[in-house]
Number of protein chains: 2
Amino acid sequence: MVRLVLDCFGGDHSPEANVNGALLALAETPDLSLVLTGDAERIEAVLKDKPVDRKRLTVVHAPDVIGCDETPTVAIKQKPDSSLMKAVELVRTDETLHGLVTVGSTGALVAAATLRIGRIHGVKRPAFCPLLPTMAGGIVGVCDSGANVDVNVKLLTQFALMGSLYLECAYGIERPRVALLNIGAEAEKGDELRKEAYPVFETLKGIHFVGNMESRDLLSGKYDLVVCDGFSGNVLIKSTEGACLEMLKKLKRDIYSRTLYKIGALLMKRMFDEEKKFMDYRSYGGSVLLGCKKLVVKGHGSSNADAVKACILQAYRMQDANLTEKIQSAIASAAEAEK
Amino acid sequence: MVRLVLDCFGGDHSPEANVNGALLALAETPDLSLVLTGDAERIEAVLKDKPVDRKRLTVVHAPDVIGCDETPTVAIKQKPDSSLMKAVELVRTDETLHGLVTVGSTGALVAAATLRIGRIHGVKRPAFCPLLPTMAGGIVGVCDSGANVDVNVKLLTQFALMGSLYLECAYGIERPRVALLNIGAEAEKGDELRKEAYPVFETLKGIHFVGNMESRDLLSGKYDLVVCDGFSGNVLIKSTEGACLEMLKKLKRDIYSRTLYKIGALLMKRMFDEEKKFMDYRSYGGSVLLGCKKLVVKGHGSSNADAVKACILQAYRMQDANLTEKIQSAIASAAEAEK
């Protein structure tokens, strides 16, 4: 049985999307059980009249919510009764719980996960690894995407090891093709950090390093994992998403500018719906915070029930494949090899 | 009279695109004269049978070409007779020449411009400032986009000053809205560099600082100039371009997958043509290398004649507005204010 905690507040559509997402995940996965945290009355209101297997779903009351505009380090101290902090405390203290899923404040989550749940032995810093769809029909992970803005080569090697294992465990990608984000393909390109990292990556055991990647190739399908500092990783992810969304918006505006275009677009409606779905990051699950003692999945704030379900199933697959143990063992081997 | 040198080789469509671009620019601008460098015979072959005002167009023979795959520092030494190095030597030694335009090797250009042409007094490092179209119908500049990967706050302030003056001089944008590229909107977000830079930007005279910009807002039209280190600037530009191009490619592929979509797309042909043109970076001129003693414009390697013309007219407008003198004066004032 995989046991996870779901923070039911903090998202744009909470608690409805969270609770309904939980029910969808439970229906699909017989050996999954969930603990839901948040205002119990409101959670029960969503559960009401629905078929609920109470042996696999429990509710823990937590009346507070941490907002996205609150200072993370302050909020996690001042709001122990928030849905997020209750979830964190549960996974921290209950050995039978494997991880947590939230769509709430990213900053509070990183602070709470690092300070309360703690890191896997040997892991220097937890790192985010969100996924994007590629034009070849697959996915690509970016690690780190914002948890660590000032990094060094050692951290980059850990991001590579953790990200590779994650893609193997949760998505069945064998020997993920790992690239270093850089501003040119050649080994000698980039800043001091990248120049120093390249030869280390070439000899790093446990990853399949394929060289530098220029950011224009992110969606090409040639790479499974892109390793970078959290600053440029964040720029990479957000500018890619931003450009795609702005383009779709522009297309829509232009279509509405002429009747002829509107007729044309009507014939292509199904295609445009599919493009929109393809671009919807919610379809691809959440961003995983790799390197914590328990599994941590952060879904998008605008997650609907399907997106919450995807995040839960992501955590389920990771636990099913023993990701945490595998990361611990890989980090230990890397430390051994360094000696 | 504005006098510029045009390197006629090194691009995908050289020398035809370069030479024809020169003729287009001369036809539009009576007080412009151009010196064309490169294999004279091949240049003359393109000029043949065309109406050419030889008082405003001269050709200087330079048989060699520097390829994009050559090591810049080696190439600029070993190929003094290349079209690029001849152009650089001309602007360096001839006081009446105001700048140069090239679509050749970026690396060789940066090395040659820095080492041979030299920096404006007080400028620490030249920086690239390419432009992108915004969804609001305007443009946005990104400075630096790759010439300087390891930077400090001082360099960032110079990028801001030079970029602002450039947008004012070449595009008539009054008080350009300057943003710092960051991973969050708040002043305390980001890495050490950004945290240190924010308060300095707030009090920096000569720029209109509007705060941090997240990369997803690059095309929003809310900013005129985004200031960043060359590494993340490069990631920003290339992932935005890459995402837009990949999306257009995907749309095209999807359209061809069904007859109904093909019919719909036919009705929208003009719109799609306009989207393609909108996304074509060649329409927006080249990337300017700011901070050199002479004007330097780098067009895209795939430039056609119109794109080359756009680059020449960019340099023309900069000279017409005395950009170089204005940068020198702004940098001197900033140094004075620091004392």
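Since we're looking at a predicted model, the values are computed, not measured.

What counts, and where the lines are drawn
- Residues numbered from 1 in each chain as written.
- Chains lettered and ligands numbered in written order.
- Predicted model: local features only at pLDDT ≥ 70, side-chain atom pairs only at ≥ 80, totals over all residues.
- Heavy atoms only, no water.
- Pairing = 2+ DSSP bridges.
- Helix = DSSP H or I, 4+ residues; strand = E, 2+ residues; numbered from the N terminus.
- Axes fitted to C-alpha atoms, helices over the stretch in contact; angles between N-to-C directions.
- Contact = heavy atoms within 4.5 Å.
- Salt bridge = Lys/Arg side-chain N within 4 Å of Asp/Glu carboxyl O.
- Polar contact = N/O pair within 3.5 Å; in protein donor to acceptor, adjacent residues only side chain to side chain.
- Buried < 20%, exposed > 50% of the residue type's maximum accessible area, 1.4 Å probe, protein only.
- Right-handed = clockwise from strand over helix to strand, strands pointing away.
- Arc of directions from axis to C-beta.
- Least-squares fit on C-alpha atoms with pLDDT ≥ 70 in both.
- Phe/Tyr/Trp six-rings, centres within 6.5 Å; stacked < 30°, edge-to-face > 60°.
- Lys NZ or Arg CZ within 6 Å of the ring centre and 35° of its normal.
- pLDDT = per-residue confidence, 0-100.
- Expected span 1.5 Å × (residues − 1).

Examining the sheet that holds strand 1 (residues 2–7) of chain B
Paired through their backbone hydrogen bonds, the strands of a sheet run either parallel or antiparallel.
Residue and element names in this part refer to chain B.
In step 1: With mixed pairing, the seven strands of this open sheet are ordered in space as 3-2-1-4-12-11-5. Looking at which strands have only one partner, the edges of the open sheet turn out to be strand 3 (57–61) and strand 5 (127–129). If you compare each strand with its neighbour and ignore which way they point, the axes differ by 25° on average.
In step 2: Judged from the two bridges that link them, strand 11 (residues 287–290) and strand 12 (residues 295–298) form a sheet pairing that is antiparallel. For serine 287, the partnering residue across the bridge sits in strand 12 and is lysine 298.

Thoughts on the interface of chain B and chain A
In step 1: Contacts between chain B and chain A engage 49 residues on the former and 49 residues on the latter.
In step 2: Viewed at the interface, chain A and chain B are joined by four salt bridges.
In step 3: At the boundary of chain B and chain A, one finds twelve residue pairs in polar contact (both at pLDDT 80 or more).
In step 4: Elements supplying a minimum of two residues to the side of chain B that touches chain A: strand 8 (177–182), helix 7 (192–203), helix 8 (230–255), helix 9 (259–267) and helix 10 (269–279) of chain B.

Structural notes on the pairing of strand 8 (residues 177–182) of chain A
Each regular strand carries side chains that alternate between the two faces of the sheet.
In step 1: In terms of residue burial, strand 8 of chain A counts as a mostly covered element, since five of its six residues are buried.
In step 2: Handedness of the crossover joining strand 8 of chain A and strand 9 (residues 208–214) of chain A through helix 7 (residues 192–203) of chain A is recorded here as right-handed.

Observations regarding helix 2 (residues 40–47) of chain B
All names here are of chain B.
In step 1: Taken together, the buried positions of helix 2 are occupied by Ile43, Val46 and Leu47. Down the axis of helix 2, the buried set is contained in an arc of 100°. They therefore lie on one face. Of the exposed residues in helix 2, those oriented more than 90 degrees away from the buried face are Glu41 and Ala45.
In step 2: On its buried face, helix 2 is in contact with helix 1 (16–28), strand 2 (32–38) and strand 3.
In step 3: A side-chain oxygen of the first residue of helix 2 lies 3.1 Å from the backbone nitrogen of glutamate 41; this N-cap is aspartate 39.
In step 4: One or two residues past the end of helix 2 sits aspartate 49, with phi positive at roughly 70°.

Comments concerning the pattern of salt bridges
Residues and elements named next belong to chain A.
In step 1: A full pass over the atoms with the stated rule returns 40 salt bridges over all chains.
In step 2: Here glutamate 186 ties to lysine 189 by a salt bridge, and the two come within 3.3 Å at their closest N and O atoms.
In step 3: In this structure glutamate 186 comes out as partly exposed when scored by relative accessible area, which is 38%.
In step 4: Looking at lysine 189, the relative accessible area reads 34%, which means it is partly exposed.
In step 5: Each of Glu89, Arg92 and Arg116 takes part in one network of salt bridges that share partners.

Comments concerning the relation of the copies chain B and chain A
In step 1: Superposing chain B onto chain A takes a rotation of 180° plus a shift of 0.0 Å along the axis, which leaves an RMSD of 0.0 Å. What the superposition gives is, in effect, a two-fold axis relating one chain to the other. Residues of chain B ranked by C-alpha distance from the rotation axis are headed by Gly264(B), positioned 2.0 Å from it.
In step 2: When the interface residues of chain B are mapped onto chain A, 100% of them again lie at the interface, so the same face is used by both copies.

Regarding the packing of aromatic side chains
In step 1: Here the structure, examined in full by the defined rule, presents six aromatic pairs over all chains.
In step 2: For the ring pair Tyr166(B) and Tyr171(B), a centre distance of 5.9 Å and an interplane angle of 85° mean the geometry is edge-to-face.
In step 3: Owing to a relative accessible area of 0%, Tyr166(B) belongs among the buried residues under this scheme.
In step 4: A connected cluster of aromatic rings, assembled from ring pairs, spans Tyr198(A), Phe201(A) and Phe209(A).
In step 5: The ring of Phe231(A) has Arg194(B) lying over it, and the distance from NZ or CZ to the ring centre is 3.8 Å.
In step 6: The lysine or arginine in question, Arg258(B), covers the ring of Tyr261(B), its NZ or CZ lying 5.1 Å from the ring centre.

Side note on the sheet that holds strand 6 (residues 131–133) of chain A
Residues and elements named next belong to chain A.
In step 1: One open sheet holds the five strands; their spatial order is 6-7-10-8-9, and the pairing between them is mixed. Lying at the two open borders of the sheet, with one neighbouring strand each, are strand 6 and strand 9. Across this sheet, the average inter-strand angle for adjacent strands is 30°, counted without regard to direction.
In step 2: The pairing of strand 7 (residues 139–143) with strand 10 (residues 225–227) spans three bridges and is classified as parallel. Across the sheet, the residue bridging to cysteine 143 is valine 227, located in strand 10.
In step 3: In this fold helix 6 (residues 153–171) packs onto strand 6, strand 7, strand 8 and strand 10, with an angle of close to 165° to the strand it touches most, strand 10.

Brief notes about the environment of Ala243(B)
In step 1: For Ala243(B), the position within the fold is in helix 8.
In step 2: Note on Ala243(B): relative accessible area 2%, which makes it buried.
In step 3: As for Ala243(B) and Ala127(B), which are separated by 116 residues in sequence, their C-alpha atoms are 24 Å apart.
In step 4: If sequence neighbours within four positions are ignored, Ala243(B) has contacts with Leu219(A), Thr240(A), Ala243(A) and Cys244(A).

Section: unusual backbone geometry
What you tend to see is this: most non-glycine residues have negative phi, and most peptide bonds are trans.
In step 1: For the bond running from Ser14(A) to Pro15(A), omega is -5°, close enough to zero to count as cis.
In step 2: With respect to the secondary-structure elements, Pro15(A) resides in the loop between strand 1 (2–7) and helix 1 (16–28).
In step 3: Cis rather than trans, the peptide bond between Cys143(A) and Asp144(A) has omega equal to 5°.
In step 4: When you line up the elements, Asp144(A) lands in the loop between strand 7 and helix 6.
In step 5: Even without being a glycine, Asp49(B) presents a positive backbone phi close to 70°.
In step 6: Residue classification places Asp49(B) among the exposed positions, given a relative accessible area of 74%.

What about the confidence of the model for chain A?
In step 1: Confidence along chain A averages 94 in pLDDT terms, with 99% of residues attaining 70 or more.
In step 2: Interface confidence for the predicted complex, expressed as ipTM, amounts to 0.90; the pTM equals 0.92.

Details of helix 8 of chain B
Residues and elements named next belong to chain B.
In step 1: Along its 26 residues, helix 8 runs 37 Å from first to last C-alpha, staying within 8% of the 38 Å computed at 1.5 Å per residue.
In step 2: Most of helix 8 sits out of view: 22 of its 26 residues are buried.
In step 3: Its side-chain oxygen at 3.0 Å from the backbone nitrogen of phenylalanine 231, aspartate 229 defines the N-terminal cap of helix 8.

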